[in-house]
Each structure stands twice: as C-alpha cells, then as structure tokens.
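The primary structure of each chain is shown beneath.
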Amino acid sequence: MNYTFQYGVVWRDFDVLIDGALLTFQLGVMSFWGGALIGLFCAAVKTYGQRVFGILVDFYVVFITNTPALIQIYFLYFGLPEIGIRWSGELCVVIGLTLNAGAYLTLIMRAGFLSVRRTELEAAETIGMSRLQQIRFVIVPHIAKTIYPALANFFIVILVMGTSIGAIIGVDELTGQAINLSTVNYRWLEYFTIAALMYVVLTFIASIGLALLGRWAFRVKAKVF
Amino acid sequence: MPHLAVEDLRASYGALEVLRGISFSVEKGELVALVGPSGSGKSTVLRVLMALNPPSSGRVQIDDISIDYGKSGSVRAARDRMAVVFQQYNLFQNMNVMDNVTLAPRKIKKWPVAEVEENARALLAKVGLTDKHDAYPDELSGGQQQRVAIARALALKPEILLLDEVTSALDPELVNEVLDTIGELAADGMTMILVSHEMGFVREVASRVIMMDAGEIIETGTPAELFDAPKSQRAKQFFSKVLRH
Ligand SMILES: Nc1ncnc2c1ncn2[C@@H]1O[C@H](COP(=O)(O)OP(=O)(O)OP(=O)(O)O)[C@@H](O)[C@H]1O
Ligand SMILES: [Mg+2]
C-alpha cells in the first residue's frame, strides 16, 4: 500500500481526456438520435404496416437485443473488411450503436404507440390528418411525454456504456484516451478516476439538458436525479 | 334538395349488423336530434358519416355530392364538410387550447396563420374561453374541454356539426354551459345532428327528432309529436322511460 497518487501528470493530459469526453458525447448523441429514428420507424411499421414488415422488424429486434453490442461492433469492424467494406472505428461505433439503440427504442416506442388514446387518434383522423401527420402531431409528442424517463435513461446507457466499447477497436473516446495515456506512464488509477469523474459530469450535463428539453418541448416534469 | 341525405345506410361490427337500413335527411340550418336506447346505433351513424366505420351499403349525399366511403378523395370531402365532437374528451393532450383549435386549419388546410388565429380567438370567445388560450386540456374542467372540442371542430368551418352525447360525461353542473353553446350555434343557423339524452334540451332546440332502436329508425317528427304523442309502441315505451323525470 505505498502507491502515491500523482495527479500532476494527469493534469498535463487533461485536454486529451477532454477531447475523449467530447468524442464520447458526439458518439452517444449521434447513436441515440439515429436509434430514435429507427425505433420510431420500426414501431410505426409494427403498428400500421403489413404483417410481413412487422415480422421483419421482430427479427431485427430479437437479433439485436439478444446479441452483445460488443459483438455487433466487432462484426462491423473486423467482419465487414472480409467482404471489402472498411469503415473507421468511429463509424463502426456509431453504426453499431445506432442499430443497437434502434432495436431497444423500437420496443420502448412501440409501447408509446399502443398507449395513445384511440379517441385522440380518431379526432385527428376526422379533422383530416393523414397517418404521417397523426404520428408527427399526436403520437410523437405523446411518446416523448409519457415515456420520457425511459428514453432519457436509455440515452445515458448509450452514452456511458455503449460508447466505451469503442476503446476496444481503437476509438479515442474517453475510455480509449484513458487507456492510451495509461499505457504510456502506467498512472492507471489517476487516469481512470479522472475519466470516471468525467463520465459523471457528462451524464449530469446530459440529464440536465434532457430535463430542460423535456420541460420546454413536452411539458415533462423531468427530474435531473 | 336536402343538405344531407342518408339513404338505406347499413353497417356492421363483424357479424353484428348495427345499422339496418337508415334513411333520413337534414335541411340547411336544421338541428336534428338522434335519440334512442343505448346500443341502438346512434354513435355508429355519426361514425359512418365521418368515415371512422365503413358502411356496408347505402348512399350519403351532401348537397349534390355523393360520398363514396371507399375513396380517399371522397372521404376527404366528407370530412371537409362535416365535423364531429364525441362524448369522451378527445383534445390533443400535448397541445394547449389555441394549438388544439388551430392545428388542423394551419397544418392540414394550410390556411393563412393570421386568419386562422383570428378565427380561433373568435370561436374561443364564442364558447366562453377567452382566458384559456394557453391552458392545456388537463388544466381544464370537462365542460371547458368539450367547449374547446366544439371550437376545434368549428375552426374547420364545417357545414354540418355532429355532436355525440357531448354532455353525458360531464358533472351535472357543467352540462348547461355546453348546452348553452350548442343552443347559440343553433340560433346562428348551424346545421347539426345531435345525439343526446337531454330530452328537455332536445325539445327546446331540435327542429326534428329521429328515434332509433336496434339499428333502425322507429319514428321521426317534431319534438312535440314524438314526445307527447308517439305512434309506435317502442317509441311510447322509450319516451315514457326517458321523459318521466
Ligand atoms: N367497437 C365495437 N365493436 C363491436 N361492436 C360494437 C362496437 N361499437 C359498438 N358496437 C355495437 O354496435 C351497436 C350500436 O352501438 P352504438 O355505439 O352505435 O350505440 P349508441 O346508440 O350510440 O349507444 P349509446 O347510447 O350507449 O352510446 C351496439 O350493439 C354495440 O354493442
Ligand atoms: Mg353512443
């Protein structure tokens, strides 16, 4: 037990960690919104589309939710080059996490589709709204409001747990940068405590941002903690 | 030529035929009341007219336009000319009063915003909700919500307004404010079909009453004719029950 913490080195590399945190944030945001679009589309298909397409959606959801995100991203990064498709690590993380989030968000949003009051949709229909307009003006706001906590939680999951998989295929997001720096001077404990704190700060900022967005756009009385 | 003509209208839920050949007509500016026991098919008539349920056969004509409920263009024409308010409050919960009223004219009809908003303000004033523009449905009483729903329906400038038991989910003390609104619309010459159990109100405002039972029209006449001297046995039974108190 004679380990001496030396935060001096770590402070020197602080901006490198900040870069990693920014990349983490970008990857998380892109994957979440990409996944939200896929989830909305798939939930709409399951609700209104023909049965065949609904079954295709089921396959997608079951396949993704029953395999680890790590394997999915490995497949994109190491598997696809075998057939001549070579994507950067960042792109593999974004695409992999987007597909992953899309499957979970399909389930979450499907619950939202099913819980809209039928009378509200009929009112929308009788005042001349098309199916797409009903989704846009009635269903999406309803989903955003009623399952807001589930969506916000899921964003945090993607942001913290999802993106860190990137480290394994050499993406310099926060975890990746912490690993890169530690392997140079072995200050593992220092780098990783700082990285952990940065994750907490990121999550905190994201939660506040989401809560404000929810209050402003959807009148959700979202709590930050 | 009547404003709205319905001829031999039939509709089913699965194997159950709930409208078994309904024929009636409505003149411009008339308020026709649709009464009858629970399950007789009153709501279904309105739902078929608004294309929420498909008819299995029959003809619906508005002025000289014949409505083909199998064709989307024709359905649009029906929904352009008619608007409906149902018993359950069906306002958009995620929008405030003003947005509820202006959404369809702005986003679906694409009418000029200034005109739409001016019209909406006038309508909300008419239903007595000038001070509630920014309120959300869950901040309103049931009676207020129904009045917003009426304003929302009128914002599309329908020629015929269909009202399906708009007061029956309301607390008794809120019923009158909604009936007053309907009474004013009738006085303004709005053509309406009113499904209602408020027989006193029907007697006051309806020009004609249609009594339905088991998917058929039993009797038609002025309120006085039906209420005071029903001809058929079934009408006698029904009115003796609903008019007793
Ligand atoms: N969604 C449905 N599925 C199956 N049957 C239905 C459905 N809606 C109504 N029905 C049946 O259709 C018949 C007519 O119903 P409708 O709602 O038109 O009656 P109503 O005259 O409006 O009654 P109430 O005064 O109770 O509102 C009833 O026998 C009812 O059970
Ligand atoms: Mg009914």
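Located above this text is the structure these notes cover.
Residues numbered from 1 in each chain as written. Chains lettered and ligands numbered in written order. Predicted model: local features only at pLDDT ≥ 70, side-chain atom pairs only at ≥ 80, totals over all residues. Heavy atoms only, no water.

Caption draft 1: Broad picture of empty space enclosed by the protein. Throughout the structure, instances matching the rule amount to 2 cavities of 30 Å³ or more. In this model, the largest cavity occupies a volume close to 70 Å³. What lines the largest cavity is simply Ala123(A), Thr126(A), Ile127(A), Val84(B), Val85(B), Phe86(B), Asn90(B), Ala149(B), Arg152(B) and Ala153(B). Listed by contribution, the elements that provide at least two residues to the lining of the largest cavity are helix 6 (118–126) of chain A together with strand 6 (82–85) and helix 5 (142–154) of chain B. Looking at the lining of the largest cavity element by element, the count peaks at 3 residues for helix 5 of chain B. Of the residues in the lining of the largest cavity, the class split is 7 nonpolar, 2 polar and 1 charged. Volume-wise, the second largest cavity comes out at about 40 Å³. Val101(B), Pro105(B), Trp111(B), Glu115(B), Val116(B), Asn119(B), Ala155(B) and Lys157(B) are the residues that line the second largest cavity. Those elements that provide at least two residues to the lining of the second largest cavity are helix 3 (97–108) and helix 4 (113–126) of chain B. Looking at the lining of the second largest cavity, the element that brings in the most residues is helix 4 of chain B, giving 3 residues. Along the lines of polarity and charge, the residues of the lining of the second largest cavity split into 5 nonpolar, 1 polar and 2 charged. (1 Å grid on protein atoms, 1.4 Å probe; cavity = no way out; pocket = protein on both sides within 12 Å on 5 of 7 lines; lining within 4 Å. Points joined across faces, edges and corners; volume = space filled by probe spheres on them. Helix = DSSP H or I, 4+ residues; strand = E, 2+ residues; numbered from the N terminus. Nonpolar A, V, L, I, M, F, W, Y, C, P; charged D, E, K, R; others polar.)

Caption draft 2: Representation of the interface of chain A and chain B. Residue-level contacts link 18 residues of chain A with 24 residues of chain B. Note on chain A versus chain B: buried area summed over both sides is about 1,900 Å², and carbon and sulfur give 60% of it. Counting the surface chain A buries against chain B, the share from its top three residues, Thr126(A), Ile127(A) and Arg219(A), is 35%. Arg79(B) is the partner of Glu125(A) in a salt bridge, and the nearest nitrogen-oxygen pair spans 3.2 Å. Scanning the region where chain A abuts chain B turns up 4 residue pairs in polar contact (both at pLDDT 80 or more). Taken together, the elements giving at least two residues each to the side of chain A that touches chain B come down to helix 6 and helix 7 (131–146) of chain A. Partitioned by chemical class, the residues of the side of chain A that touches chain B number 7 nonpolar, 4 polar and 7 charged. (Contact = heavy atoms within 4.5 Å. Buried area = accessible area lost by both parts, 1.4 Å probe. Salt bridge = Lys/Arg side-chain N within 4 Å of Asp/Glu carboxyl O. Polar contact = N/O pair within 3.5 Å; in protein donor to acceptor, adjacent residues only side chain to side chain.)

Caption draft 3: Molecular detail of the pattern of salt bridges. All names here are of chain B. Summed over the entire model, instances satisfying the criterion amount to 19 salt bridges over all chains. Arg10 serves as the salt-bridge partner of Asp8, at 3.8 Å between the closest nitrogen and oxygen. Assessed through its relative accessible area of 34%, Asp8 is described here as partly exposed. Linking Arg81 and Glu159 is a salt bridge whose minimum nitrogen-to-oxygen distance equals 3.6 Å. Here Arg81, found in helix 2 (residues 72–81), pairs with Glu159, found in the loop between helix 5 and strand 7 (160–164); they are 78 residues apart in sequence, far enough to count as distant. Residue Glu159 is classed as partly exposed on the basis of its relative accessible area of 30%. (Buried < 20%, exposed > 50% of the residue type's maximum accessible area, 1.4 Å probe, protein only.)

Caption draft 4: View of the sheet that holds strand 6 of chain B. Residue and element names in this part refer to chain B. Read from one edge of the open sheet, 6 strands run 6-7-8-3-9-10, paired in mixed fashion. The open sheet is flanked by strand 6 and strand 10 (216–221), the only strands paired with a single partner. Averaged over neighbouring strand pairs, the angle between their axes works out to 20° when direction is ignored. In this fold helix 5 packs onto strand 6 and strand 7, with an angle of close to 170° to the strand it touches most, strand 6. (Pairing = 2+ DSSP bridges. Axes fitted to C-alpha atoms, helices over the stretch in contact; angles between N-to-C directions.)

Caption draft 5: The sheet that holds strand 1 (residues 4–13) of chain B, seen in detail. Residue and element names in this part refer to chain B. The strand order 2-1-4-5 describes an open sheet built from 4 strands, whose pairing is antiparallel. Only two strands of the sheet have a single partner each, and these edge strands are strand 2 (16–26) and strand 5 (65–67). Taking the axes of each pair of neighbouring strands and ignoring which way they run, one obtains an average angle of 25° across the sheet. Examined bridge by bridge, strand 1 and strand 4 (residues 57–62) share 5 bridges and lie antiparallel to one another. In the sheet register, Leu4 faces strand 4, and the bridge partner there is Ile62. The sheet strands contacting helix 1 (residues 42–49) are strand 1, strand 2 and strand 4, and the helix crosses strand 1 at an angle near 110°. Running over the sheet, helix 2 touches strand 4 and strand 5 and is turned about 110° from strand 5.

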